[in-house]
2 protein chains.
Amino acid sequence: MTKKNLLYAQSGGVTPVINATACGLIETARQNRDRLGKVYAGKDGIIGILKEELIDTSKERKADIAGLRHTPGGAFGSCRFKLKGIEENHAEYERLIDVFKAHNIGYFFYNGGGDSSDTAHKVSQIGKKMGFPVQCIGVPKTIDNDLPVTDNCPGFGSVAKYVAVSTIEASLDVESMASSSTKVFILEVMGRHAGWIAAAAGLAAREDGDPPHVILFPEVPFKQREFLKKVKHAVENYGFCTIVVSEGVRNTRGKFLADAGTRDAFGHAQLGGAAPVVAGIVREKLGYKYHWAVSDYLQRSARHIGSKTDVEQAYAVGSAAVEMALEGKSGVMPVIKRLSNKPYKWEIGETTLGRVANVEKMLPKNYISVDGFGITAAARRYLGPLIHGEDYPPFDPDGLPKYVKLKKILVPKKLPDFDL
Amino acid sequence: MTKKNLLYAQSGGVTPVINATACGLIETARQNRDRLGKVYAGKDGIIGILKEELIDTSKERKADIAGLRHTPGGAFGSCRFKLKGIEENHAEYERLIDVFKAHNIGYFFYNGGGDSSDTAHKVSQIGKKMGFPVQCIGVPKTIDNDLPVTDNCPGFGSVAKYVAVSTIEASLDVESMASSSTKVFILEVMGRHAGWIAAAAGLAAREDGDPPHVILFPEVPFKQREFLKKVKHAVENYGFCTIVVSEGVRNTRGKFLADAGTRDAFGHAQLGGAAPVVAGIVREKLGYKYHWAVSDYLQRSARHIGSKTDVEQAYAVGSAAVEMALEGKSGVMPVIKRLSNKPYKWEIGETTLGRVANVEKMLPKNYISVDGFGITAAARRYLGPLIHGEDYPPFDPDGLPKYVKLKKILVPKKLPDFDL
């Protein structure tokens, strides 16, 4: 039996630990050289596969592959590109199979969120139908933490840790100055549809009265009067108020606050920035001095404050995906199963791609406090363990992290060009 | 000889390491109990002294004082409050001396920037004049790095490290997605007058072509055409462009870009946010997909990624201030003297408050590259060592940093109230 090659691709928005998954996958494949061929990676995700731009990871140094464990971003490149339905766009699926055939691919690993599971699912079906069956395995990843079945998603824990730590730190800053200066601090975090990241900021509050005093979730329509009451209460009782606002928070008419009519110098709608809008409301109605921050990509790439739990889980799903391939499985995805909360224990489980594709796991209602501005004990029990432990990257003597840059040498092309 | 008490106050915007200075000062004073009395600290800075709200640090646990070394914010509270000239406001100076007398204060330590040096200087003069001489010692601190005489200012190195690390990390994120998604990332950093922090982001670029590709300094008037050319060049040559913009960047008419006509939902000028303005220009003129972040207080409080060099220097100036007091000095300030660059060596020196008061050290012209969008080798030589080494705070098992909260027990008041 000739050994088949593996093909790995990163998909969608990257995370601080998606490369840790790549590391787990490649290292595990290398440990099984007797049964597995080379690991190729799509350059810039599935677009690279369609263009037959395959990175040969066997050309990378062992130390660099190991270094992926602590390097943020997507080392092979990623993309936002959703394959259409098989009926609408048969050509793209056929092309994938052609590339698989040309490069003796036996295993396809798609590392992404819900869309990617859907794609991997379809690819596994079309391969069979076209007489070139490839074992397709989804590998979970998303800072949005919105995949079903899996207890949590690799990537989320590190973002959660960054956001909780930053909330504590910035609040200590505001608190120091509040008696005579800034009284309100607003931190905007990601989360267009689900408030998982905003909820994680709630972990910063370990005692009653601790910041954040107000969390604005995308799940809770923004009610200005209640919000202002809450802010005023915090300032009057604690001297200051820390607000964490999800980028996806909407007003009662369902419109994003971030798009609520702000105009730039040219009179065009200013996109993005729920924090400055909230700041404007605080100034207008309460007159408090404020500061605001928008963490944007910083939160999604801050590997320097990665969660050890998250890094271990990210590595484990990559490794498990290869084990599943070795067991002959297809159309499956490794998931994280929580065994206990105290002490926190988890293991890798398995689900089918069909169960994951196109389902969004929203923040449960009982994770949001009754007044809509905080998290509950249940949320705390769920979120808490995901930020456990620190996993610092190594640093160079110049004081900067030692993040790896891969050589990304492409496998020679064998097929004609393909128009995307 | 009865022992005199020490009075310490934090002043102005806090830093990730101002408490490390407090730690050095209090620990050194405690080591000299035979000659020194208690260390009191003004609650919320000099305002607390005027109000006779003095925190008795002898009531704090030894472990908590030690924990100040790794706790961001201002543990005793700070304020933005500049005493007026002695002629205009004699009453406030008299009040200070009254408080000093009432609490047997022999040493006053003012931990702040240029304004604070000026205040400490004036207090030392008035004390003598009023027949109650107090040894007044300034202790340097400012993330703005704009104090003269001292080679650098405690606080700046940690902010510099945060900004450089964040620039690297966010750039890895953008680079991963740039082929099909976001091509331009804009990070706004502090610096209203001087571009020290923006310059520090330049340390992220270790090789030609590395991000940040464009730095916008407050020292260089924003020229839109040259800026756009530079952004286009980066996108066309590296696939993406990382821009670091100082909050204080101005247009050629001297107006802050952050105030360049943005209007909120109510039609009021939207304050703050140079990054979204720059993003708007990129979208308008080049059409690239972009993301922007405003780090604001996050950069100023991110003790979790503190510079070891900075922490050691912050501690050292606090300790040295007490040594100077013990040597009978007044009207002085410990400064950092650079002895060599390779290897980086420094020691504590001394200057007089008169030389520091009201002088701003601007970014030297030869630190900014000829095109105005980057830093030079000279800047790199100066800035590099300031971010050397990591100094992580301890973390609790819950995954959050173990920052200390002081008891802040006040010394009983002895004087009538004073109207501020």
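Scope of this entry: the structure provided in the associated data block. These numbers come from a predicted model, not from an experiment.

## Things to note about the overall build of chain A
A count of helices and strands for chain A gives 13 helices and 11 strands. Taken over C-alpha atoms, the radius of gyration comes to 23 Å for chain A, in line with the 22 Å a tight globule of 420 residues would show. Counting only C-alpha atoms, chain A reaches 75 × 45 × 40 Å along its principal axes. Put simply, chain A has 420 residues, and 59% of those count as buried. Long-range contacts, defined as pairs at least 24 residues apart, comprise 75% of the intrachain contacts of chain A with a sequence gap of at least 6.

## As for unusual backbone geometry
Residues K342 of chain A and P343 of chain A are joined by a peptide bond in cis, for which omega reads 0°. Along the chain, the position of P343 of chain A falls in the loop between β10 (332-341) and β11 (344-352). Residues P211 of chain B and P212 of chain B are joined by a peptide bond in cis, for which omega reads 0°. By the secondary structure assignment, P212 of chain B is in the loop between α7 (196-201) and β7 (214-216). Positive phi outside glycine occurs at D296 of chain B, with the angle close to 40°. Residue D296 of chain B is classed as buried on the basis of its 25 C-beta neighbours within 10 Å. Positive phi outside glycine occurs at K408 of chain B, with the angle close to 50°. Mapped onto the elements, K408 of chain B comes out in the segment after α13 (377-383).

## Considerations on the interface of chain A and chain B
With 68 residues of chain A at the interface, the matching set in chain B holds 68 residues. Considering each element in turn, the side of chain A that touches chain B owes the most residues, 13 residues, to helix α6 (residues 156-177) of chain A. Counted by class, the side of chain A that touches chain B contains 31 nonpolar, 23 polar and 14 charged residues.

## As for the relation of the copies chain A and chain B
The two copies are related by a screw operation: chain A maps onto chain B through 180° of rotation and 0.0 Å of translation along the axis, at an RMSD of 0.0 Å. Here the transformation between the copies is reduced to the relation of a two-fold axis. The fraction of interface residues of chain A whose copies in chain B are also interface residues reaches 99%, indicating that both copies meet through the same surface.

## Digging into the environment of H90 of chain B
Residues and elements named next belong to chain B. Within the element layout of this structure, H90 appears in helix α4 (residues 90-102). A count of 12 C-beta atoms within 10 Å places H90 in the exposed class. As a C-alpha pair, H90 and F227 span 137 residues in sequence and 51 Å in three-dimensional space.

## Comments concerning the packing of helix α1 (residues 18-30) of chain B against helix α11 (residues 308-326) of chain B
Residue and element names in this part refer to chain B. Following both chains from N to C, one finds α1 and α11 inclined at 40°, their axes separated by 7 Å at the closest point. Considered as vectors, α1 and α11 are oriented oblique to each other. Of the two elements, α1 crosses α11, and the hand of that crossing is right-handed. In this structure, α1 contributes A20, T21, A22, C23, G24, L25, T28 and A29 to the contact, and α11 contributes V311, A314, Y315, A316, V317, G318, S319, A321, V322 and E323. Per-class residue counts for the contact of α1 with α11 are 12 nonpolar, 5 polar and 1 charged.

## Overview of α11 of chain B
Under the 1.5 Å per step criterion, the end-to-end length of α11 of chain B is 27 Å for 19 residues, consistent within 8% with the ideal 27 Å. Taking burial as the measure, the 19 residues of α11 of chain B include 15 buried ones, the bulk of the element.

## What about the packing of helix α8 (residues 224-238) of chain A against helix α9 (residues 274-286) of chain A?
All names here are of chain A. Where α8 contacts α9, the two axes come as close as 11 Å, and the packing angle between them is 75°. Classified by the interaxial angle, the pair formed by α8 and α9 is roughly perpendicular. Between α8 and α9, the contacting residues are Q224, L228, V231 and K232 on the first element and I281, V282, K285 and L286 on the second. By residue class, the composition of the contact of α8 with α9 is 5 nonpolar, 1 polar and 2 charged.

## As for the pairing of strand β1 (residues 5-10) of chain B
Residue and element names in this part refer to chain B. For β1, the tally of buried residues reaches 6 of 6 residues, placing the bulk of the element in the interior. Of the two faces of β1, the one holding N5, L7 and A9 and the one holding L6, Y8 and Q10 are both buried throughout. Alignment of β1 against strand β4 (residues 105-112), held across 6 bridges, turns out to be parallel. Considered in β4, the bridge of Y8 is made with F109. By the bridge criterion, 3 bridges tie β1 to strand β2 (residues 39-42) in an arrangement that is parallel. From the neighbouring strand, L7 faces β2, where its bridge partner is Y40. Read from β1 through α1 to β2, the crossover connection turns out right-handed.

About the criteria used
- Residues numbered from 1 in each chain as written.
- Chains lettered and ligands numbered in written order.
- Predicted model: local features only at pLDDT ≥ 70, side-chain atom pairs only at ≥ 80, totals over all residues.
- Helix = DSSP H or I, 4+ residues; strand = E, 2+ residues; numbered from the N terminus.
- Rg over C-alpha atoms; globule rule 2.2 N^0.38 Å.
- Buried ≥ 20, exposed ≤ 12 C-beta atoms within 10 Å, placed from the backbone.
- Contact = placed C-beta atoms within 7 Å.
- Nonpolar A, V, L, I, M, F, W, Y, C, P; charged D, E, K, R; others polar.
- Least-squares fit on C-alpha atoms with pLDDT ≥ 70 in both.
- Axes fitted to C-alpha atoms, helices over the stretch in contact; angles between N-to-C directions.
- Parallel < 35°, antiparallel > 145°, perpendicular 65-115°, else oblique.
- Left-handed = near helix turned anticlockwise from the far one by under 90°.
- Expected span 1.5 Å × (residues − 1).
- Pairing = 2+ DSSP bridges.
- Right-handed = clockwise from strand over helix to strand, strands pointing away.

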